[in-house]
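Now for the letters of each chain:
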Amino acid sequence: MRKVSLPDGETVPALGQGTWRLGENRNRRAEEIAALREGVAQGLSLIDTAEMYGDGATESFLGEALNGLRDQVFLVSKVYPQNAGRARLTQACEHSLRRLATDRIDLYLLHWRGNIPLGETVLAMQALQTAGKIRHWGVSNLDTADMQELEKAGGTDAATNQILYNLTRRGPEFDLLPWMHERRMPMMAYSPVEQGRLAGKSALKTVAGRLGATPLQVALAWILRNPEAIAIPKAARLDHVRQNRQALDITLSPEDLAELDKAFPAPVRKAPLEML
Ligand code: NAP
């Protein structure tokens, strides 16, 4: 598995697994567990979740699904903004730990910016780190100005910013990704296949046809060509997990990249960071 470095030098898999909507439907549980475990076996061992998903149900699902695999996995969870202050972060983290059936979260993220001052979240995250409850902390859905404010508020040790990024959401390339690059902070790309909607895009179909791949594999390969990108597609099906793993082996040629740039142009001006 190709690795990406966090700012402190620790490496994590470039391709992980998302979990939004997993564990919410009893009838699909067995297949979802099999898909997730197959992904871990294939090296997709960074797992992204959040206290928000299924109101805790997805974390509980993971506690069960990852039974016996905990030490092979880099576990990422996210806290609601309203819980990300001095008064509630410790408790929210304890609840996540209990649901996840573990004693530590590898990377704990502020899910999006709320009303609690960023400096307070930074201090509360650092306290959790000192207590050994989390190994790294970071943020999600923060645009460039928020990242600058986070840095000024003492958050220079944030490990990542998890953002909406794929071929149809290239806005962050204008100033957010360069800002993160200067700080050696990797991007974690969520909804990397635009929740499946990229499958119908004709430029992706053309490139995929040339490579003997699927359009979504090409969409993932396009993100993964960036050595500072971590992609976390969610796949509840075994065949999807296997196809996603194969995306790592796809090399896009200059011709492929030019064709994708034409269909999905890079930004020429600042646009606010999008969220799903
Ligand atoms: P996504 O990963 O872009 O797309 C998931 C959809 O694509 C599912 O319907 C899945 O189908 C399908 N799919 C995946 N691989 C496929 C393949 N090889 N072939 C065909 N279909 C495929 O969307 P997402 O779930 O929104 O984003 C990924 C993860 O990012 C989430 O699960 C979550 O962990 C995280 N996220 C974070 C935020 C945030 O605010 N920080 C927001 C959104 C998402 P099946 O499930 O049927 O396999």
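What you see is a predicted model; the values in this text were computed from it and never measured.

(A) Representation of the site of the ligand. The environment of the ligand is formed by 28 residues, the closest being Asp48, Ser191, Lys234, His240 and Asn244. Within the side chain of Tyr53, a nitrogen or oxygen atom sits 3.4 Å from a nitrogen atom of the ligand. At 2.8 Å from a nitrogen atom of the ligand is found a side-chain nitrogen or oxygen belonging to Asn244. When the ligand sits alone it has 900 Å² of accessible area, and the protein chains cover 89% of it. Assessed atom by atom at 2 Å from the grid points, the ligand resides in the largest pocket.

(B) Expanded view of the layout of surface pockets. The calculated volume of the largest pocket comes to roughly 710 Å³. Trp20, Ser191, Gln195, Pro233 and Lys234 are, among the 32 residues lining the largest pocket, the residues nearest its centre. Among the elements that take part in the lining of the largest pocket, helix H9 (residues 238–246) stands out by supplying three residues, more than any other. When its residues are assigned to classes, the lining of the largest pocket shows 15 nonpolar, 11 polar and six charged.

(C) Examining the sheet that holds strand S5 (residues 105–110) more closely. The seven strands lie next to each other as S3-S4-S5-S6-S7-S8-S9, forming an open sheet whose pairing is parallel. The open sheet has two edge strands with one neighbour each: strand S3 (46–48) and strand S9 (229–231). Taking the axes of each pair of neighbouring strands and ignoring which way they run, one obtains an average angle of 30° across the sheet. In terms of strand pairing, S5 meets strand S6 (residues 134–140) through five bridges, oriented parallel. Within S6, the residue paired with Leu110 across the bridge is Val139.

Calculation notes
- Positions within a chain are numbered from 1, following the residues in the order the chain's sequence is written.
- Confidence filtering applies because this is a predicted model: local features only for residues at pLDDT of at least 70, side-chain atom pairs given and counted only at 80 or more, and all residues used for totals across whole chains, interfaces and linings.
- In computing side-chain values, all of the structure's heavy atoms are included and hydrogens and water are not.
- We call a residue near a molecule or strand when any one of its heavy atoms sits within 4 Å of it.
- Whenever a nitrogen or oxygen atom comes within 3.5 Å of another N or O atom, the pair is scored as a polar contact, on the condition that within protein one atom can donate a hydrogen and the other can accept it, and that pairs from neighbouring residues in sequence are kept only if both atoms are in side chains.
- We get accessible surface area from the Shrake-Rupley algorithm with a probe of 1.4 Å; when it comes to residues, only the shown protein chains can shield them.
- Two kinds of site are reported from a 1 Å grid over the protein atoms alone, namely cavities, where a 1.4 Å probe fits but cannot get out, and pockets, open sets with protein on both sides within 12 Å along at least five of seven lines, and residues are called lining when an atom falls within 4 Å of a point.
- Grid points define the cavity or pocket, and a molecule sits in it when more than half of its atoms lie within 2 Å of them.
- Grid points are joined across faces, edges and corners, and a volume is the space filled by probe spheres set on the points.
- Helix and strand assignments come from DSSP, with helices taken as H or I runs of at least 4 residues and strands as E runs of at least 2, each series counted from the N terminus.
- For this scheme, ten residues count as nonpolar: Ala, Val, Leu, Ile, Met, Phe, Trp, Tyr, Cys and Pro. Four count as charged, namely Asp, Glu, Lys and Arg, and the remainder, Gly too, count as polar.
- Two strands form a pair only when DSSP identifies at least two bridges running between them.
- Here an angle of 0 to 180 degrees is reported between the N-to-C directions of two axes, which are lines fitted to C-alpha atoms, with helices fitted over the stretch in contact.

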